[in-house]
Amino acid sequence: MLASDQKMNQNGLSATSKQVLAMRDAVFAEWESQVRTLIKGAQHILHPTLLNTLPVFYDNIAEALTPNHPRDEATSNTDIAAAHGDERARMTSYEPEQIVQEYQLFRDAFSRVADEQGVTLSRAEWGIVNGSIDSAVRESIRKFTAMHESFRHQMAAALSHDMRSPLSVVITAAHLLTIGVTPERTPVLAKRILDNGQRLGTMIDDLLDALSFNRGEKLPLDLSQFDVLELAREVCSDASVAAPDACTVSGSSVTGYWCENSLRRALENLVINAIKYGDGNGVQIKVDEAHGRMLISVHNSGNPIAQEHHGQVFEYLWRDGSAKDKQGWGIGLPFVKNVAESHGGSVAVDSSAASGTTFIIDIPVDCRPFVPGV
């Protein structure tokens, strides 16, 4: 038994329930074939992801078909259908109508296999099957919609948070111009104001896109070929407008295919955090390449992140309760993680009192094979 109450055997189930359980594999073979043929985007979903919680839902139907069973419908006493909608939001590019179509095909497959195997259900039993599917559709869509709303809010919050970086450069450079600088520095500062003002405009456009974004949690990427060492130098230079020694860059030139805008924002987040939480002795960015992977690290000295918090720092809105500065929304590091994972890679942290804190983005040099639609 796969039912959500974890019943280990079929004892106490009616003959009809046992017949329905016996045809489970045939139903899902029929259903999967139809889904992959008829639903856009389902062709390349891996088998475990495609089925996700549906086998549990199926066995719940079988239980509900037993008279006087505590489960009146497959969705009674469980949120298994909501879990299906949650996974479809996180793991696929589905729209709501595709979830509805999945359940319609599930109903068709169930009916067809029952006919083929001579499993006869009464009108009342068909009412349980159809009622279970209808309830599952409602609960799955409700959760699917809520998840996408959460994704939009998180993305919009992350963009709003990251706008502070170019805005800070604009304000600092403008302030330096107002108090007077040497003539040779004036064009440099003016260009930084212009460049970062244009970046703010782009981020506002991205924010508007985020408010209507409904494709899932994975970050959409605009890939191009560039040298990440040059990008690191630009980010470091912007971070050093007010304090020339705030940031340094080392390493080798690595040219690959990435999303320049999202990688820049991820690096800015790491550098800003390193400056903010470091001990004032500067931040070091290092760029390297190994075995077809690009590694870019950001290091600062100062108070370390506690070992038990290494995994938590990448959680959305998590804050270290022991930190003296508790302001902020805990958005930057989850965004960095999203950028790395969307590129087919990962981000890790190394932190101790002896060595300081280092965040490492480790992604393929050519991430095109790992980005859907490229």
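Just so you know, these numbers come straight off a predicted model, no measurement behind them.

### A look at the overall build of the protein chain
Along the backbone of the protein chain there are twelve helices and seven strands. By the burial criterion, 46% of the 374 residues in the protein chain qualify as buried. For the protein chain, the share of sequence-separated contacts (at least 6 apart) that also reach a separation of at least 24 residues comes to 71%. As presented, the protein chain carries roughly 18,400 Å² of accessible surface, and 53% of it is formed by carbon and sulfur atoms.

### As for the packing of helix 2 (residues 24-38) against helix 6 (residues 96-116)
In contact at an axis separation of 9 Å, helix 2 and helix 6 are set at 140° when each is read in the N-to-C sense. Accordingly, the angle class assigned to the pair helix 2 and helix 6 is oblique. In this structure, the crossing between helix 2 and helix 6 has a hand that is right-handed. Here Ala-26, Val-27, Phe-28, Glu-30, Trp-31, Gln-34, Val-35 and Leu-38 of helix 2 come into contact with helix 6, specifically with Gln-101, Glu-102, Leu-105, Phe-106, Ala-109, Phe-110, Arg-112 and Val-113. Considering only residue class, the contact of helix 2 with helix 6 consists of eleven nonpolar, two polar and three charged.

### Regarding the packing of aromatic side chains
Tallied over the entire structure, the rule returns nine aromatic pairs. Taken together, a centroid distance of 6.0 Å and an interplanar angle of 50° make the contact between Phe-28 and Phe-106 tilted. Highlighted residues: Phe-28 in helix 2 and Phe-106 in helix 6, separated in sequence by 78 residues. Of the residues examined, Phe-106 reaches a relative accessible area of 0% and is grouped as buried. Aromatic side chains Phe-110 and Trp-126 sit 5.7 Å apart centroid to centroid with 75° between the ring planes, which places their arrangement in the edge-to-face category.

### Some words on helix 5 (residues 80-91)
Because each turn of an α-helix spans 3.6 residues, side chains separated by three or four positions in sequence point in the same direction. With twelve residues, helix 5 should reach 16 Å at 1.5 Å per residue; the first-to-last C-alpha distance of 16 Å fits that figure. Within helix 5 the residues assigned to the buried category are Ile-80, Ala-81, Ala-82, His-84, Gly-85, Asp-86, Arg-88 and Ala-89.

### Regarding the state of the cysteines
Applying the stated criterion across every chain yields a total of one disulfide. Paired by a disulfide, Cys-236 and Cys-247 hold their sulfur atoms 2.3 Å apart. Here the S-S torsion is close to -130°, and the disulfide linking Cys-236 with Cys-247 is therefore left-handed. Separated by eleven residues along the polypeptide, Cys-236 in helix 10 (residues 228-239) and Cys-247 in strand 2 (residues 247-251) bring together distant segments of the chain. Taken individually, Cys-236 and Cys-247 each receive the classification buried, so the pair is uniform in this respect. The thiol of Cys-259 is not disulfide-bonded; the next cysteine sulfur, from Cys-367, is found 8.5 Å away. For Cys-259, a relative accessible area of 5% gives the class buried. Cys-367 sits in the buried class, given a relative accessible area of 0%.

### Regarding helix 2
If you check helix 2, its first and last C-alpha atoms are 21 Å apart, about what 15 residues at 1.5 Å a residue would give, namely 21 Å. Among all positions of helix 2, only Arg-24, Val-27, Phe-28, Trp-31, Glu-32 and Val-35 are buried. Burial along helix 2 is one-sided: seen end-on, the buried residues are contained in an arc of 125°. Opposite the buried face of helix 2, by more than 90 degrees, sit the exposed residues Asp-25 and Thr-37. Along its buried surface, helix 2 packs onto helix 1 (15-22), helix 3 (47-51), helix 4 (54-64), helix 5 and helix 6.

### Brief notes about the sheet that holds strand 6 (residues 346-352)
Taken in spatial order, the five strands of this open sheet run 2-4-5-7-6, and their pairing is mixed. Edge positions in the open sheet fall to strand 2 and strand 6, since each of these has one partner strand only. Averaged over all pairs of adjacent strands, the angle between strand axes in this sheet comes to 15°, irrespective of strand direction. In the sheet, strand 5 (residues 293-300) pairs with strand 7 (residues 356-364) via eight bridges, with the strands oriented antiparallel. Considered in strand 7, the bridge of Met-294 is made with Ile-363. Most of the contacts of helix 10 go to strand 2, to which it runs at about 170°, and overall it touches strand 2, strand 4 (283-290) and strand 5.

### With respect to the pattern of salt bridges
Summed over all chains, the structure comprises 14 salt bridges. Note that Arg-107 and Asp-134 form a salt bridge whose closest N and O atoms lie 3.0 Å from each other. In this pair, Arg-107 is assigned in helix 6 and Asp-134 in helix 7 (residues 123-162), connecting sequence segments 27 residues apart. Ionic pairing is found between Asp-366 and Arg-368, a salt bridge with its closest N-O pair at 2.7 Å. Several salt bridges share partner residues, and in doing so they unite Glu-234, Glu-260 and Arg-264 into one network.

### Details of the side chain of Arg-71
Residue position: Arg-71 is located in the loop between helix 4 and helix 5. For Arg-71, a relative accessible area of 4% puts it in the buried group. Of the polar contacts made by the side chain of Arg-71, one reaches the side chain of Glu-63; its length is 2.9 Å.

Rules used throughout
- Residues numbered from 1 in each chain as written.
- Predicted model: local features only at pLDDT ≥ 70, side-chain atom pairs only at ≥ 80, totals over all residues.
- Heavy atoms only, no water.
- Helix = DSSP H or I, 4+ residues; strand = E, 2+ residues; numbered from the N terminus.
- Buried < 20%, exposed > 50% of the residue type's maximum accessible area, 1.4 Å probe, protein only.
- Contact = heavy atoms within 4.5 Å.
- Areas by Shrake-Rupley, 256 points an atom, 1.4 Å probe, with all protein chains shown as cover.
- Axes fitted to C-alpha atoms, helices over the stretch in contact; angles between N-to-C directions.
- Parallel < 35°, antiparallel > 145°, perpendicular 65-115°, else oblique.
- Left-handed = near helix turned anticlockwise from the far one by under 90°.
- Nonpolar A, V, L, I, M, F, W, Y, C, P; charged D, E, K, R; others polar.
- Phe/Tyr/Trp six-rings, centres within 6.5 Å; stacked < 30°, edge-to-face > 60°.
- Expected span 1.5 Å × (residues − 1).
- Disulfide = S-S within 2.5 Å.
- Arc of directions from axis to C-beta.
- Pairing = 2+ DSSP bridges.
- Salt bridge = Lys/Arg side-chain N within 4 Å of Asp/Glu carboxyl O.
- Polar contact = N/O pair within 3.5 Å; in protein donor to acceptor, adjacent residues only side chain to side chain.

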